[in-house]
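In case you want the letters, here they are:
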Amino acid sequence: MDTKVLNNISYGMYIITTKEDNKNIGCFINSLIQITSENPIIAVSLNKENYTNKILRETKRCAISILTEKAKKELIAKFGYFSSKDTNKFEETEWKEIDNLPVVTENACSYIIGDVINIIDVNTHDIFLIRITKTKQLSEKTPMTYKYYHEKLKGKASKKAPTYIEEKEEKTKGNRYKCTICGYIYDDDKEKVKFADLPDDWKCPLCGVGKDKFIKI
Ligand code: FE
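Worth saying up front: this structure is predicted, and the values here are computed from it rather than measured. (Residues numbered from 1 in each chain as written. Predicted model: local features only at pLDDT ≥ 70, side-chain atom pairs only at ≥ 80, totals over all residues. Heavy atoms only, no water.)

**Section: unusual backbone geometry**
- Non-glycine residue Asp-99 carries a positive phi angle of around 50°.
- Its place among the elements puts Asp-99 in the loop between strand 6 (95-98) and strand 7 (101-104).
- Phi at Asn-100 is positive, roughly 65°, even though this residue is not glycine.
- Among the secondary structure elements, Asn-100 is positioned in the loop between strand 6 and strand 7. (Helix = DSSP H or I, 4+ residues; strand = E, 2+ residues; numbered from the N terminus.)

Laid out in structure tokens, this is it:
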């Protein structure tokens, strides 16, 4: 099966958030579709290992921010590659408390608030059916598509994403190093500076972690 064909399926760029007691929880998602138009219901796919999945099962309420093409890679990386279990993703992120939910307003053109009405078990992921209770337009900026994220921002899917496809890495002669957080590859043959010679404060251009999170491959 040519799984690359699946790259032709279109997706958007969203951040889903909820609140565990007083702790704000959230993660990046791309798999969201509208299911019905009357009393609109949407479906969202979330990995079972995802902390947001665990908490959303309990709270059954969430907000979804629709990201624009101006969304920063750092924002997507923070919500996409790290876990709310041990990271406060809302620190240094613009957000507002709306209806007792944390709503990410940074680089968002609109947001949706809704209640989880059903959860469908699909192997590694769960589909959350969410009935929309509120929507708000924040700006007229263009929503970002997943294709735009991959092609313009050179973003990569997290291993937990429903659309993750393992990339065959082309081999070059020199040393290559892989970011263990986001999968970014630093190839000595393609860069002006060898990985070993990068300054200590150098950061992964995709997710922002330090050199210590890279492994030689
Ligand atoms: Fe990284």
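**Thoughts on the coordination of the iron ion**
- The protein atoms that coordinate the iron ion are Cys-179 (SG), Cys-182 (SG), Cys-204 (SG) and Cys-207 (SG), at distances spanning 2.3 to 2.4 Å.
- Mapped onto the sequence, the residues coordinating the iron ion show the spacing C-x2-C-x21-C-x2-C. Note that Cys-179 is positioned in strand 10 (residues 176-179) and Cys-207 in the loop between strand 11 (185-187) and strand 12 (214-216), a separation of 28 residues in sequence. Taken as a pair, Cys-179 and Cys-207 share a single burial class, namely buried. (Donors = N, O, S within 2.8 Å, 3.2 Å for Na, K, Ca; no water. Buried < 20%, exposed > 50% of the residue type's maximum accessible area, 1.4 Å probe, protein only.)

**So, the pairing of strand 10**
- Two strands pair when backbone bridges link them, and strand 10 and strand 11 are joined in this way by three bridges, in the antiparallel orientation. When the sheet's bridge partners are listed, Tyr-177 is paired in strand 11 with Tyr-186.
- Linkage of strand 10 to strand 11, two consecutive antiparallel strands, is achieved through a turn of five residues, within which Gly-183 is found at a positive phi near 90°. (Pairing = 2+ DSSP bridges.)

**Considering the pattern of salt bridges**
- In this structure the tally under the stated criterion is eight salt bridges.
- Put simply, Asp-126 and Arg-57 hold a salt bridge, and the shortest N to O gap is 3.0 Å. Here Asp-126 is found in strand 9 (residues 125-137), whereas its partner Arg-57 is found in helix 1 (residues 51-59), with 69 residues between them in sequence.
- A salt bridge links Asp-115 to Arg-61, with the shortest nitrogen-to-oxygen separation between them at 3.9 Å. Placement of the pair is Asp-115 in strand 8 (residues 108-122) and Arg-61 in strand 5 (residues 61-67), with a sequence separation of 54 residues. (Salt bridge = Lys/Arg side-chain N within 4 Å of Asp/Glu carboxyl O.)

**Some details on the sheet that holds strand 4 (residues 41-47)**
- Read from one edge to the other, the open sheet built from seven strands follows the order 2-1-5-8-9-4-3, with strand pairing classed as antiparallel. Every interior strand has two partners, whereas the edge strands, strand 2 (23-29) and strand 3 (32-36), have only one. Strand after strand, the sheet turns through a mean of 35° between neighbouring axes, direction not considered.
- The sheet contact formed by strand 8 and strand 9 spans 12 bridges and is antiparallel. Pairing of Tyr-111 across the sheet is with Lys-136, part of strand 9. (Axes fitted to C-alpha atoms, helices over the stretch in contact; angles between N-to-C directions.)

**What to know about the side chain of Thr-17**
- Mapped onto the fold, Thr-17 is located in strand 1 (residues 14-20).
- Not counting residues up to four positions away in its chain, the partners in contact with Thr-17 are Ile-25, Gly-26, Arg-61, Cys-62, Ala-63, Phe-90, Leu-101, Pro-102, Val-103 and Val-104. (Contact = heavy atoms within 4.5 Å.)

**With respect to the domain arrangement of the protein chain**
- Annotation of the protein chain at the domain level lists domain 1 (11-151) and domain 2 (176-216).
- Placing the centre of domain 1 and that of domain 2 at their C-alpha centroids yields a distance of 29 Å.
- The interface is formed by four residues belonging to domain 1 together with six residues belonging to domain 2.
- Summing the contributions of domain 1 and of domain 2, the shared interface buries around 470 Å²; its carbon and sulfur component is 69%. (Domains from an automatic or database assignment. Buried area = accessible area lost by both parts, 1.4 Å probe.)

**A closer look at the sheet that holds strand 12**
- One open sheet accounts for three strands, arranged 11-10-12; its pairing is antiparallel. A single partner strand is all that each edge strand has here, and the edge strands are strand 11 and strand 12. Ignoring which end each strand starts from, the neighbouring axes of this sheet average 25° apart.

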